[in-house]
Amino acid sequence: MGASLKIDVLTIFPGMLEGFLGESMLKRAARSGAVEFRIVNLRDFTTDAHRTTDDRPYGGGPGMVMKPEPIFAAVESLQPGGARVILMTPQGRKFDQALARELAGGSHLIFICGHYEGVDERVRQALATDEISIGDYVLTNGAVAAAVVIDAVVRLRPGVLGGEGATEEESFSAGGLEYPQYTRPPEFRGLKVPEVLVSGDHGEIRRWRQEQSRQRTRERRPDLLHDGKDRASKHEVSDENEDAG
Ligand code: ADE
């Protein structure tokens, strides 16, 4: 296995991430040493008696803004040299599978989770190397958004998922949506598994899957095809994986 991916998350709600990172695949990934999680409570980097992490906005207006000092102090305590320092914000680059792959290739990721109305602008100006949004909607809390990104990134690290090749055929990896999957029983409530899948003819199965993948992408996500090339046509099923599952 390769070197571990360090993932640090700065938040004022550590409990939200402790639960999430302590279950299932992410828990196993940490146990195996594929990743190392650290959850950092921003309140531990305040210097006043009230452990204040936010304040009123200059210029007035509703809501509170997260103060820069605890965020800078927390990031600087994590030896961020070479790390990607990622601010979670609806104004960031839209997260997708390509960005997940890019982040999975790194060695140290630091996530800054904003809350309330926002984060002091100097955090973007002088601390963050990246800003990421998980979609065009506003959450109360960047910790949920960081959890989404972490989940998508960690499962791409070598050794985290059981079957090698499991992430090569799935939706988005090859540019389109994945073909439909079936398991036993062969008939359930009158609904039959397509004949071709039980035929044992691997060439036919591969062709059927490619066609299903193209059709699904055309029907449901034509935007994935409208980038100048027919990316779904690259959705090949490799020979090594045809017996998987
Ligand atoms: N914080 C609040 N909303 C967000 C979003 N859509 N993406 C990332 N961080 C956020």
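Preceding block: the structure.
The shown structure was predicted, so the numbers you read here are calculated from the model rather than taken from an experiment.

Visitor: Can you help me understand the packing of helix α4 (residues 97-104) against helix α6 (residues 142-154) in this one?
Guide: Relative orientation and spacing of two packed helices are given, respectively, by the angle between their axes and the distance between those axes. The contact between α4 and α6 brings their axes to 8 Å, and the two run at 70 degrees. By the angle between their directions, the pair α4 and α6 is classed as roughly perpendicular. Of α6, the residues touching α4 (which contributes A100, L103 and A104) are V149, A152 and V153. Class assignment for the residues of the contact of α4 with α6 results in six nonpolar, no polar and no charged.

Visitor: What exactly am I supposed to notice about the sheet that holds strand β1 (residues 5-11) here?
Guide: What links the strands of a sheet is backbone hydrogen bonding, and the strands pair in either a parallel or an antiparallel sense. Spatially, the five strands line up as an open sheet ordered β2-β1-β6-β5-β8, and their pairing is parallel. Looking at the sheet topology across the chains shown, the edges are occupied by β2 (35-41) and β8 (130-133). Recorded for the sheet is a direction-independent mean angle of 30 degrees between the axes of neighbouring strands. Sheet analysis places β1 next to β2, joined by seven bridges and oriented parallel. The residue of β2 that forms the bridge with K6 is E36. Running at roughly 160 degrees to strand β6 (residues 108-113), α6 makes contact with β1, β2, β5 (84-94), β6 and β8 of the sheet.

Visitor: Where do I start with the site of the ligand in this structure?
Guide: Every residue near the ligand is listed here: M88, T89, P90, I132, S133, I134, G135, Y137, V138, L139 and A145. Contact between the ligand and T89: a nitrogen atom at 3.2 Å from a main-chain N or O atom of the residue. For the ligand, a nitrogen atom lies 3.1 Å from a polar atom in the backbone of G135. Taken by itself the ligand offers 260 Å² of open surface, and the protein chains cover 95% of this. Elements that contribute at least two residues to the shell around the ligand include exactly β5 and β8. The element best represented in the shell around the ligand is β5, accounting for three residues. Grouping the amino acids of the shell around the ligand by side-chain chemistry returns eight nonpolar, three polar and no charged.

Visitor: Hey, could you run me through unusual backbone geometry in this one?
Guide: Leave glycine aside and you will find that most residues have negative phi; peptide bonds, for their part, are mostly trans. Of the consecutive residues R184 and P185, the connecting peptide bond is found in the cis state with omega at 5 degrees. Tracing the sequence through the fold places P185 in the loop between α6 and β9 (187-188). Despite not being glycine, R51 has its phi angle at roughly 55 degrees, a positive value. By the element assignment, R51 lies in the loop between β2 and β3 (54-55). The class for R51 is partly exposed, based on a relative accessible area of 35%. Even without glycine at this site, R189 takes up a positive phi of about 50 degrees. As for its placement among the helices and strands, R189 is situated in the loop between β9 and β10 (191-192).

Cut-offs applied
- Residues numbered from 1 in each chain as written.
- Predicted model: local features only at pLDDT ≥ 70, side-chain atom pairs only at ≥ 80, totals over all residues.
- Heavy atoms only, no water.
- Axes fitted to C-alpha atoms, helices over the stretch in contact; angles between N-to-C directions.
- Helix = DSSP H or I, 4+ residues; strand = E, 2+ residues; numbered from the N terminus.
- Parallel < 35°, antiparallel > 145°, perpendicular 65-115°, else oblique.
- Contact = heavy atoms within 4.5 Å.
- Nonpolar A, V, L, I, M, F, W, Y, C, P; charged D, E, K, R; others polar.
- Pairing = 2+ DSSP bridges.
- Near = heavy atom within 4 Å.
- Polar contact = N/O pair within 3.5 Å; in protein donor to acceptor, adjacent residues only side chain to side chain.
- Areas by Shrake-Rupley, 256 points an atom, 1.4 Å probe, with all protein chains shown as cover.
- Buried < 20%, exposed > 50% of the residue type's maximum accessible area, 1.4 Å probe, protein only.

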